[in-house]
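What follows is the residue order along each chain.
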Amino acid sequence: MIEKALKGKPAYWMWLAILGVFIVIGAVCYLRQYMIGLGLTGMGRDLSWGLYISQFTFLVGVAAGGLMLVLPYYVHNYKAFGRITILGEFLAISAILMCLMFIMADIGQPLRGLNMMLHPTPNSMLFWDMVVLLGYLTLNIICGWVILTAERKQVKPPKWVYFFVYISIPFAVSIHTVTAMLYMGLPGRHFWLTAITAPRFLASAFAAGPALIVLACLIMKRVANFDVGKEAINKIATIIMYATIINGFFVLLEFFVGYYSQIPGHIHSLQYLFFGLEHHGHVYNNLVPFMWTFAIFCVGGLGLLAYGKIKDRLTDGLVAAACAMIFIGLYLDKGLGFVLGGLVVSPLHEIHEYLPTANEIGITLGIWATGFFVLTLLYKIALGVEHEVES
Amino acid sequence: MDKQRRKFLKIAGATALAGVSAPAVVKLTSSPSFASSGQGAAADSHSTAKDAGGAQHDVGKKSIRYGMVIDMRKVYGKPELMQKAVDACHTVHNVPDFDKPENEIKWIWTMPFENVFPEHSSYHTSKITEDNEFFALCNHCDNPPCVRVCPTKATFKIEENGIVAMDYHRCIGCRFCMMGCPYGARSFNWFNPRDHIKVYNPDFATRTRGVVEKCNFCAERLPLGKEPACVEALKESGALVFGDLNDPDSEVRQLLDENPTIQRKPALGTKPSIFYIV
């Protein structure tokens, strides 16, 4: 089936070439970091996780988001999603590849990475995160490939593959739960030390992942003559709306706990993220515009979708705009605010704002480009099979 | 032909997967690893059951538990004396010297009271806490979160003496321990440290770029009958007293008997082994 990715219109090759440029830039930046050290990033002694880990956290959510397509189709037999479950599975594959690359970019001794397996440590949540991520990656490769092969041959998928499909459902929940547990169980990190982190991660994942899939569908409708159908888009829009609302609800609960209890540790990060944190006469607020963009984009995206639903005028343009807003909004929330906001007050009560360096941004863009490169190839294969079956 | 190739690929793939995951499975199912982790868990639940607050310590355990009492009264107004202890430690352990604070490596250092004890509230800061800096170093917790989160056991508690130690050769540099530590006691080698060592001490290992390091309570000096370098440097003043907290006759225990002491962030249940007389 791989040959399907090798034939395409000039626009297809153009897109891959653009991604290729970013991949090369990222590779060069990574080589620099590999030779010189992680000191080339904006991280430091008191702010020792940064852009890489926050991208990782967000992308785990994107990977888990595919669940919102797989579950209705396989568990509730919701036929309208039949054509797009494969898109969810392939998105999960490329998102997890990005996650793994971000982890490798972040660790100081990448060549010792296998120590995680040579010295397995069940009391570390990072160990379990590795287990569930590799497990989910394997499951999606198996399910995606086998089901697509069966579709191409126009036979029913073999029975055994359903076993893997059904375990992939709890696995999708587990990858984001365990990723949340990386943060939730750390004494002294007040912003993260809350049980709502895991459900909040899941809620935003179930909005951001499907939003990206909808965007991909709408793009492919224009450029690749692949229409998933109005019903499917409509239903995903409903799912995205609920998930976004639940995420917003959880954010408001965080505000209540912080500002009603008046416990400083619970207020600091929220204050920094949304209003600016004053310390010794200086106001630290470099994430405030991003966080308000998050709030406005989520509310705005919800408003657009609600308007479309009520007026029954859910046009492609409107859905695309809403999904882009929600995806970007949730990215700002989880891919920037969550990690950097949680670290702004160091254990020694100094304030450190994060500023990524150019080299670090180069690596980050390179990894995103690699992920989208893989995603493009996989979607091209999936569409190629669809078109072959149709004709 | 095609079929054979597919079959070969399937078998090769399965073998590779099994090969990669085998060490992990073998390690996890072998009994010693399970026994030790099980024991730790049992001891833990025992101690939390005994005191709901979690701030109390297990007293009277048979094994050694090294700890330190920092008698700040003896160094008030003497910042140069405190600096002497810091320098002694950093020289003995080949701790590199970086200019920028974000790249800094430090095992023991001094900081204002509000940073070392950020959860301590007061209506009016006393002159002593206003004018003096306080020592900060690894607390060698009895219940260390850094050890709990490390994915490779590169940081671990030595059960025989309670020291929280590091294996610089196993550390992958994920910095999860720095997230877990509520005291900011750990430093990461953002650049090659060997270029920044002022005076090289051949008796102690230098570290490589990309690993975490911190105070090791001079685990390498204790078997030689020496006290920790910082303690030795301040011997005359008696500001730093090191010893076995579980030994009722030790000097640290005497000090704890005679003086009220405070600890950093006791509410987190980490059970630090460093006590401050302020």
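Calculation notes
- Residues numbered from 1 in each chain as written.
- Chains lettered and ligands numbered in written order.
- Predicted model: local features only at pLDDT ≥ 70, side-chain atom pairs only at ≥ 80, totals over all residues.
- Helix = DSSP H or I, 4+ residues; strand = E, 2+ residues; numbered from the N terminus.
- Buried ≥ 20, exposed ≤ 12 C-beta atoms within 10 Å, placed from the backbone.
- Contact = placed C-beta atoms within 7 Å.
- Axes fitted to C-alpha atoms, helices over the stretch in contact; angles between N-to-C directions.
- Parallel < 35°, antiparallel > 145°, perpendicular 65-115°, else oblique.
- Left-handed = near helix turned anticlockwise from the far one by under 90°.
- Nonpolar A, V, L, I, M, F, W, Y, C, P; charged D, E, K, R; others polar.
- Pairing = 2+ DSSP bridges.
- pLDDT = per-residue confidence, 0-100.
- Core = buried A, V, L, I, M, F, W, Y, C linked by C-beta atoms within 7 Å.

## Focus on the overall build of chain A
When helices and strands are tallied, chain A shows 13 helices and two strands. Over its C-alpha atoms, taken along the principal directions, chain A stretches across nearly 70 × 55 × 40 Å. Burial analysis of chain A (391 residues in total) assigns 51% to the buried set. Nonlocal contacts in chain A, meaning residues at least 24 apart in sequence, comprise 79% of its contacts between residues at least 6 apart.

## Observations concerning the overall build of chain B
From N to C terminus, chain B includes nine helices and nine strands. Expressed as a percentage of the 278 residues in chain B, the buried residues total 39%. For chain B, contacts bridging at least 24 residues in sequence account for 67% of all contacts bridging at least 6.

## Notes on the packing of helix H9 (residues 230-261) of chain A against helix H10 (residues 264-275) of chain A
Residue and element names in this part refer to chain A. The geometry of H9 relative to H10 is characterised by a closest axis approach of 8 Å and an angle of 125° between their N-to-C directions. The angle between H9 and H10 places the two elements in the oblique class. Every pair of crossing elements has a handedness; the one defined by H9 and H10 is left-handed. Residues Glu-254, Phe-255, Val-257, Gly-258, Tyr-259 and Ser-261 of H9 touch H10, and the partners they reach there are His-266, Ile-267 and Leu-270. Along the lines of polarity and charge, the residues of the contact of H9 with H10 split into five nonpolar, three polar and one charged.

## Describing the interface of chain B and chain A
Counting residues at the interface gives 46 residues for chain B and 35 residues for chain A. Those elements giving two or more residues to the side of chain B that touches chain A turn out to be helix H1 (2-29), helix H4 (113-116), helix H6 (145-149), helix H7 (176-180) and strand E6 (187-188) of chain B. Of all the elements, H1(B) adds the most residues to the side of chain B that touches chain A, at six residues. Its residues placed into classes, the side of chain B that touches chain A shows 24 nonpolar, twelve polar and ten charged.

## Structural notes on the sheet that holds strand E1 (residues 66-71) of chain B
Across a sheet, strands are paired by hydrogen bonds formed along the backbone, either parallel or antiparallel in direction. All names here are of chain B. The three strands are arranged E8-E1-E9 in an open sheet whose pairing can be described as mixed. Strands at the two margins of the open sheet, each flanked by one partner only, are strand E8 (240-244) and strand E9 (274-277). Sheet twist, expressed as the mean angle between neighbouring strand axes with direction ignored, is 20°. By the bridge criterion, five bridges tie E1 to E8 in an arrangement that is antiparallel. Bridge assignment links Gly-67 to a residue of E8, and that residue is Gly-243. Relative to the sheet, helix H9 (residues 251-258) contacts E1, E8 and E9, its axis offset from that of E8 by approximately 110°.

## Focus: the confidence of the model for chain B
Residues and elements named next belong to chain B. Across chain B, the average pLDDT comes to 86, with 85% of residues at or above 70. Taken as a whole, residues 31-54 scores under 50 in pLDDT and shows nine contacts with residues more than four places along the chain or in a different chain. Overall fold confidence for the complex sits at a pTM of 0.89, while the interface term, ipTM, reaches 0.91.

## Notes on the nonpolar core
Counting 190 residues, the largest nonpolar core has Ala63(A), Cys99(A), Tyr136(A), Ile175(A), Ile326(A) and Ile108(B) as the members making the most contacts within it. Leave out the neighbours within four places in its chain, and Ile108(B) touches Ala85(B), Val86(B), Cys89(B), Phe135(B), Leu137(B), Cys215(B) and Cys230(B).

## Re the packing of helix H6 (residues 125-152) of chain A against helix H13 (residues 358-390) of chain A
All names here are of chain A. In contact at an axis separation of 9 Å, H6 and H13 are set at 20° when each is read in the N-to-C sense. With respect to their mutual orientation, H6 and H13 come out roughly parallel. You can see that H6 and H13 cross each other, and the crossing is left-handed. Every residue of H13 that contacts H6 at Leu-148, Glu-151 and Arg-152 is listed here: Ala-382, Val-385, Glu-388 and Val-389. Partitioning the contact of H6 with H13 into residue classes produces four nonpolar, no polar and three charged.

## Describing the environment of Cys177(B)
All names here are of chain B. Inspection of the secondary structure puts Cys-177 in helix H7. Overall, Cys-177 belongs to the buried group, with 27 C-beta atoms counted inside 10 Å. Through-space distance from the C-alpha of Cys-177 to that of Lys-265 is 17 Å; in sequence the pair is 88 residues apart. Other than its neighbours up to four places away in sequence, Cys-177 contacts Cys-146, Val-149, Cys-150, Thr-155, Arg-186 and Val-212.

## Considerations on unusual backbone geometry
Residues and elements named next belong to chain B. Positive phi, close to 45°, is recorded for His-140, a residue that is not glycine. Tracing the sequence through the fold places His-140 in the loop between strand E3 (133-137) and H6. Note on His-140: 27 C-beta atoms within 10 Å, which makes it buried. One non-glycine residue, Arg-175, lies in positive phi territory at about 65°.

## Here's the deal with the environment of Leu318(A)
All names here are of chain A. Summarising the element assignment, Leu-318 is placed in helix H12 (residues 316-342). Placed 68 residues apart in sequence, Leu-318 and Phe-250 show a C-alpha to C-alpha distance of 26 Å. With sequence-adjacent residues up to four places away left out, Leu-318 is seen in contact with Leu-304 and Gly-308.

## Comments concerning the environment of Val374(A)
Residues and elements named next belong to chain A. Within the secondary structure, Val-374 is located in helix H13. Between the C-alpha atoms of Val-374 and Leu-91, which are 283 residues apart in sequence, the distance is 9.1 Å. If near-sequence neighbours (up to four positions away) are discounted, Val-374 is found in contact with Ser-94 and Leu-97.

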